[in-house]
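Summary of structural features
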Amino acid sequence: MDRQLVGDLVAAGVDFVTSVPCKQLAGVLEVLDETTSIRHVPCNKEDEGMGLCAGAYLGGGRPCIVMQNTALGVVVNALATLIQFYHIPLPMLISYRGEVGEKVACQVEMALHTNAILAQLHIPTYHFHHPDQAAEFPGILAHTQMCSKPTAILTDASFWGAAT
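What comes next is a walk through the structure. Please read these numbers as outputs of a predicted model, since none were measured by experiment. (Residues numbered from 1 in each chain as written. Predicted model: local features only at pLDDT ≥ 70, side-chain atom pairs only at ≥ 80, totals over all residues. Heavy atoms only, no water.)

Let's talk about helix α4 (residues 72–84)
End to end, α4 covers just 15 Å across 13 residues, shorter than the expected 18 Å (1.5 Å per residue, more than 12% under). Of all the bends in α4, the largest measures some 40° and sits at A78. Buried residues in α4 make contact with α3 (46–58), β3 (63–68), β4 (90–96), α5 (105–120) and β6 (150–156). (Helix = DSSP H or I, 4+ residues; strand = E, 2+ residues; numbered from the N terminus. Expected span 1.5 Å × (residues − 1). Bend = angle between axes of the 7 residues up to and from the residue. Contact = heavy atoms within 4.5 Å.)

What follows is the structure, given as structure tokens:
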């Protein structure tokens, strides 16, 4: 699944990805590091990543950010006043933490707010629960570019667990 998603990013012309470490997305991050056609720049915080993605886009690139849903609260301002204001097409591959079965209690609270935050920001959101839903990823990436908006692709533990 990790190779498929990164391959879809390459096919869509994504040439810059920034990320913050995440256990669920570790495989994607490993494949990104091996992929020569994408520059992968890890960042310290997701709001910093938004700035890196904006810079990549304004420099002629096609960015993507890989992050956890628990960081949505940190990136609201950067999403609204930078990414959305300047119509930057930004796919956000987001691990959705905090659902039933989550082992880290603090992840649960942000899961309760994830969809509401994305809806309040009018960000198109897709939630992958099963590996077969990854077939939608290329179309979502194309749509993101066409409408020049950020797009959230939430991937939960059942998606990653069934994909392995």
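Here the narrative resumes, following the displayed structure.
Things to note about the layout of surface pockets
Quantified by volume, the largest pocket comes out at close to 280 Å³. Lining the largest pocket, in full, are K23, Q24, R97, E99, V100, G101, E102, K103, V104 and A157. Of the residues belonging to the lining of the largest pocket, the class tally is three nonpolar, two polar and five charged. (1 Å grid on protein atoms, 1.4 Å probe; cavity = no way out; pocket = protein on both sides within 12 Å on 5 of 7 lines; lining within 4 Å. Points joined across faces, edges and corners; volume = space filled by probe spheres on them. Nonpolar A, V, L, I, M, F, W, Y, C, P; charged D, E, K, R; others polar.)

Concerning the pattern of salt bridges
Any two side chains of opposite charge can pair, so long as their charged atoms come close to each other. Evaluated as defined, the whole model comprises two salt bridges. One salt bridge in this structure joins R3 and E34, with 3.0 Å as the shortest N-O distance. In this pair, R3 is assigned in helix α1 (residues 2–11) and E34 in helix α2 (residues 26–34), connecting sequence segments 31 residues apart. Between D47 and K45 there is a salt bridge, with the nearest N and O atoms lying 3.8 Å from each other. (Salt bridge = Lys/Arg side-chain N within 4 Å of Asp/Glu carboxyl O.)

Some points on the environment of A152
Structurally, the position occupied by A152 is in strand β6. As a C-alpha pair, A152 and P91 span 61 residues in sequence and 6.2 Å in three-dimensional space. Sequence-distant contacts of A152, that is, excluding residues within four places in its chain, are made with M92, I94, L118, I123, P124, T125 and Y126.

Comments concerning the side chain of D156
Topologically, D156 is positioned in strand β6. Put simply, D156 is tucked away with no salt bridge, and the nearest opposite charge, on R97, sits 10 Å away. In terms of polar contacts, D156 uses its side chain to reach the side chain of S158, at 2.6 Å. Of note is the side chain of D156, whose polar atom sits 3.0 Å from the backbone nitrogen of F159. Ignoring anything within four residues of it in the chain, the contact list for D156 reads Q24, Y96, E99, H127, F128 and H129. (Buried < 20%, exposed > 50% of the residue type's maximum accessible area, 1.4 Å probe, protein only. Lys, Arg positive; Asp, Glu negative; His and termini not counted. Polar contact = N/O pair within 3.5 Å; in protein donor to acceptor, adjacent residues only side chain to side chain.)

Here we look at the side chain of T18
Along the chain, T18 falls in strand β1 (residues 16–19). Overall, the relative accessible area of 0% leaves T18 in the buried class. In contact with T18, other than residues within four places in its own chain, are H40, V41, P42, C43, G49, L52, C53, C64, I65 and V66.

Purely spatial values, then, with no claim about function.
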